[in-house]
Number of protein chains: 2
Amino acid sequence: MGQQLFTMVQDGGITTPRGFKAAGMHCGLKKTDRHDIGVVVCDVPAAAAAVYTTNLFQAAPLQVTRESLNEGGTLRAMLVNSGNANACTGEQGEADARSMQAQMAEVLGISKNEVAVASTGVIGVLLKMDRVSSGIAQLPAKLRSDAQGADDFCKAILTTDLVKKEVCVTFTVDGQQVTIAGAAKGSGMIHPNMATMLGFVTTDAKIGSSLLQEVLREVTDVSFNMITVDGDTSTNDMLVAMASGLADNRELTRSHPDFTAFEAGLRHVCQELAKMIARDGEGATKLIETVVIGAQSDAAAQAIAKTIIGSSLVKSAVFGADANWGRIIAAVGRAGQPVNVNTVDIRLGDILMLEQSTPILFDEDVALEYLKGDTVVIHVNLNMGSGQAIAWGCDLTYDYVRINAAYRT
Amino acid sequence: MGQQLFTMVQDGGITTPRGFKAAGMHCGLKKTDRHDIGVVVCDVPAAAAAVYTTNLFQAAPLQVTRESLNEGGTLRAMLVNSGNANACTGEQGEADARSMQAQMAEVLGISKNEVAVASTGVIGVLLKMDRVSSGIAQLPAKLRSDAQGADDFCKAILTTDLVKKEVCVTFTVDGQQVTIAGAAKGSGMIHPNMATMLGFVTTDAKIGSSLLQEVLREVTDVSFNMITVDGDTSTNDMLVAMASGLADNRELTRSHPDFTAFEAGLRHVCQELAKMIARDGEGATKLIETVVIGAQSDAAAQAIAKTIIGSSLVKSAVFGADANWGRIIAAVGRAGQPVNVNTVDIRLGDILMLEQSTPILFDEDVALEYLKGDTVVIHVNLNMGSGQAIAWGCDLTYDYVRINAAYRT
């Protein structure tokens, strides 16, 4: 991905960029005492942008957030609950989402259009609003600008996720230090098409909301839109970004000399979060990365990479550490893209298995050892053109079935 | 599906139509002593038709069969091995497929273009041709026109299938009794797009090969093309039909008064085989049928039905007997088809769960009892138009993962 234009902030999180505080707690939506409501708050009105699921059945909070962002283009807070998706809940669901937004605005003393709302969890069940209200009332007192605040928020957005997902990078713009941080949740019903699950980005860069929206959409296409856990696009996917502007740089434009650093930093934050979601997919034991090069176009490479990463047979084979490249080529062949059937190369890691569509004898023990690792990289070269793409996913395991055979119970 | 124009033949199989014999045996391609090579032979040149996988990487035997059928349009034999797919095996694989065809033709004393060849099993490994040759040499002596011959053939085409798949129907054309029978294998890498896995149809109807080809393609679209086990379209899918003409009816045309009976019979044979493949999907414990009505078009209904039946989340929920209709509506919403998000009804069996997109309280115990059965029917009414479709699939289970985590080993 070229020259590194930014530095990772090891212990950084969504409260690292200047102006942001966060909180998270248990209000009673999850059965166990895990965190289930959280909020990120900015000291100043932040330029904001968001991308939403393409699923036709968009959850109520997405509709409410979209309306509010269309009004002003700035946000002061992002409120999220887990344990209940508030999707397919009809008019009551929409009223509940509006109520969450209004209550949060009231306790923070801001306008309701400055509050984004998001929900994740089971579909088709009404929110227990008394518990949500109780949470909203308690959150302001818990707001912190340190790592603890970010940690509490990250935990509050998880469902079947096993680990919290947070990334932070820093770089300079006009000589000023700028930071971008992101938090996300994923796990199941992961096949984003527009945005992912829930993702939250904070930055102190000074950037207008329309440019932020453009860049957010572009990086989403090469990050969250390139992962799949199970091929199911959720009703609740949403990625929201807030830029406080407190880094005090000259406002970013596409012609700004440091714009590429901002873009690279945001892309890195989103790609790392996307990979964390893939690695922590429901039941997953490893991350699968599929690199497709030599395709007729980037779009063709993307489609092929996502077909491979979405194949249940490929995913099961990786779980079983079985170097079954036949399943990879079968996926290439059904992706609906131009392929020269005589010129395909396939490697697992560094191990060449197919060259110019001809099977190569390889050492099964070496392949087994590689496949037992926690990251498996599938390389496909179509040797046709310069189109390329990278997609991320995870293996298909007994635990995926176990988790999803009894999700509601 | 309207009036029954045919009668099921309970113990019928592919040797029931007049003129057909079959055989199957173990030649050494499978590790255990299960049957792995079989043949169906017709006493006379049979009008023939076939449909093939749309996967770009078509296995060598498909190319050879297609060429031969294009030459003459008639077949005398269909030779199949299991245990090795002879796919992605380069020039040697093609030479092996041609050699299988030529050897079978020689021992039967017929032209090589009268032999269709098919293979199923692992991809990318060369056939052990000495074992195949030994099987071909022994098969003619084992040919039988009774149920035993059909049974041996059906067993010879299975891979991870647990049960053999055979259907037979009869009806009259011009007062003559006509019989259609079919055999198939399925199990994994099942998401046919053009044909399925391996399917073989025999009939004694008199019908030209071009009309047979047309009808075969039409019924494939509403049978094999409407099932999915795991979303993976195989490199080896092929459905071949042979019509001996020995029923001695006046040759069938579209205007023949009994053409509808032939079409209905062939559709039934193909749909029943398709459902058997779905029910016996790798690791499956039950058949899922998805009925979509009220769509804007049949094509929209088909796409939605296949999206639902292909959802890993829906499949896992059915395995766990969890009435999680939220996953069904999420699949409807990502199918890429026109949907009015306010008018959707969903039923599981007879249990209404969503009406006009509003959740309906239902008895969880009754739903659990229904979902524990061996067949689960998902009804979706979009209330938009008259488009409809039915798709079939199976649940996603621990055993699917177990089987596919170590397929080659």
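Residues numbered from 1 in each chain as written. Chains lettered and ligands numbered in written order. Predicted model: local features only at pLDDT ≥ 70, side-chain atom pairs only at ≥ 80, totals over all residues. Heavy atoms only, no water.

A. The arrangement of the overall build of chain A in detail. Secondary structure summary: chain A contains 11 helices and 15 strands in total. The dimensions of chain A, computed from C-alpha atoms along their principal axes, are 70 × 55 × 35 Å. Here chain A holds 409 residues, and the buried ones make up 62% of them. Counted over contacts in chain A with a minimum sequence separation of 6, partners at least 24 positions apart contribute 80%. When the accessible surface of chain A is summed, it comes to about 14,200 Å², and 49% of that surface belongs to carbon and sulfur atoms. (Helix = DSSP H or I, 4+ residues; strand = E, 2+ residues; numbered from the N terminus. Buried < 20%, exposed > 50% of the residue type's maximum accessible area, 1.4 Å probe, protein only. Contact = heavy atoms within 4.5 Å. Areas by Shrake-Rupley, 256 points an atom, 1.4 Å probe, with all protein chains shown as cover.)

B. Region of interest: the packing of helix H2 (residues 90–108) of chain A against helix H3 (residues 129–142) of chain A. Residues and elements named next belong to chain A. Where H2 meets H3, the axes come as close as 9 Å, and the angle between the chain directions of the two elements is 25°. One element, H2, and the other, H3, form an angle in the roughly parallel class. You can see that H2 and H3 cross each other, and the crossing is right-handed. Where H2 approaches H3, its residues Asp96, Ser99, Met100, Gln103, Met104, Val107 and Leu108 are matched on the opposing element by Met129, Val132, Ser133, Ile136, Leu139 and Pro140. (Axes fitted to C-alpha atoms, helices over the stretch in contact; angles between N-to-C directions. Parallel < 35°, antiparallel > 145°, perpendicular 65-115°, else oblique. Left-handed = near helix turned anticlockwise from the far one by under 90°.)

C. View of the sheet that holds strand S15 (residues 387–394) of chain A. All names here are of chain A. Taken together, 6 strands build an open sheet; the order of strands is S13-S12-S11-S14-S10-S15 and the sheet is mixed. At either margin of the open sheet sits one strand with a lone partner, and together these are strand S13 (358–359) and S15. By the bridge criterion, 2 bridges tie strand S12 (residues 351–355) to S13 in an arrangement that is antiparallel. Paired with Leu354 across the two strands is Pro359, which belongs to S13. (Pairing = 2+ DSSP bridges.)

D. Spatial organisation of the relation of the copies chain A and chain B. By a simple turn and slide, chain A fits onto chain B: the slide is 0.0 Å along the axis, the RMSD is 0.0 Å, and the turn is 180°. Expressed as a symmetry operation, the mapping of one chain copy onto the other fits a two-fold axis. If distances are taken from each C-alpha of chain A to the rotation axis, the shortest is found for Tyr398 of chain A, at 2.5 Å. The fraction of interface residues of chain A whose copies in chain B are also interface residues reaches 100%, indicating that both copies meet through the same surface. (Least-squares fit on C-alpha atoms with pLDDT ≥ 70 in both.)

E. Layout of the confidence of the model for chain A. For chain A, mean pLDDT is 88; residues scoring 70 or higher make up 94% of the total. Mean pLDDT in chain A bottoms out at helix H11 (residues 398–405) of chain A, which sits at 82, and peaks at H3 of chain A, which reaches 98. (pLDDT = per-residue confidence, 0-100.)

F. Looking closely at the interface of chain A and chain B. With 50 residues of chain A at the interface, the matching set in chain B holds 51 residues. Taking both partners together, chain A and chain B bury about 4,300 Å²; carbon and sulfur atoms supply 60% of that area. At the boundary of chain A and chain B, one finds 0 residue pairs in polar contact (both at pLDDT 80 or more). Where the side of chain A that touches chain B is concerned, the elements lending two or more residues are helix H8 (312–319), helix H9 (325–333) and H11 of chain A. A per-element tally of the side of chain A that touches chain B places H9 of chain A first, with 7 residues. Across the side of chain A that touches chain B, the residue classes break down as 25 nonpolar, 16 polar and 9 charged. (Buried area = accessible area lost by both parts, 1.4 Å probe. Polar contact = N/O pair within 3.5 Å; in protein donor to acceptor, adjacent residues only side chain to side chain. Nonpolar A, V, L, I, M, F, W, Y, C, P; charged D, E, K, R; others polar.)

G. Quick peek at the sheet that holds strand S14 (residues 375–381) of chain B. Residue and element names in this part refer to chain B. Here 6 strands make up an open sheet; going across it, the order is S13-S12-S11-S14-S10-S15 and the pairing mixed. Because the sheet does not close on itself, it has two edges, and the strands there are strand S13 (358–359) and strand S15 (387–394). As judged from the 3 bridges shared by strand S11 (residues 345–348) and strand S12 (residues 351–355), these two strands associate in the antiparallel manner. Looking at the pairing, Arg347 lines up with Leu352 of S12. The strands that helix H7 (residues 298–310) touches are strand S10 (287–295), S14 and S15; relative to S15, the one it contacts most, it runs at about 20°. Across the sheet, helix H9 (residues 325–333) lies against S11, S12, S13 and S14, angled at about 135° from S11, the strand it touches most.

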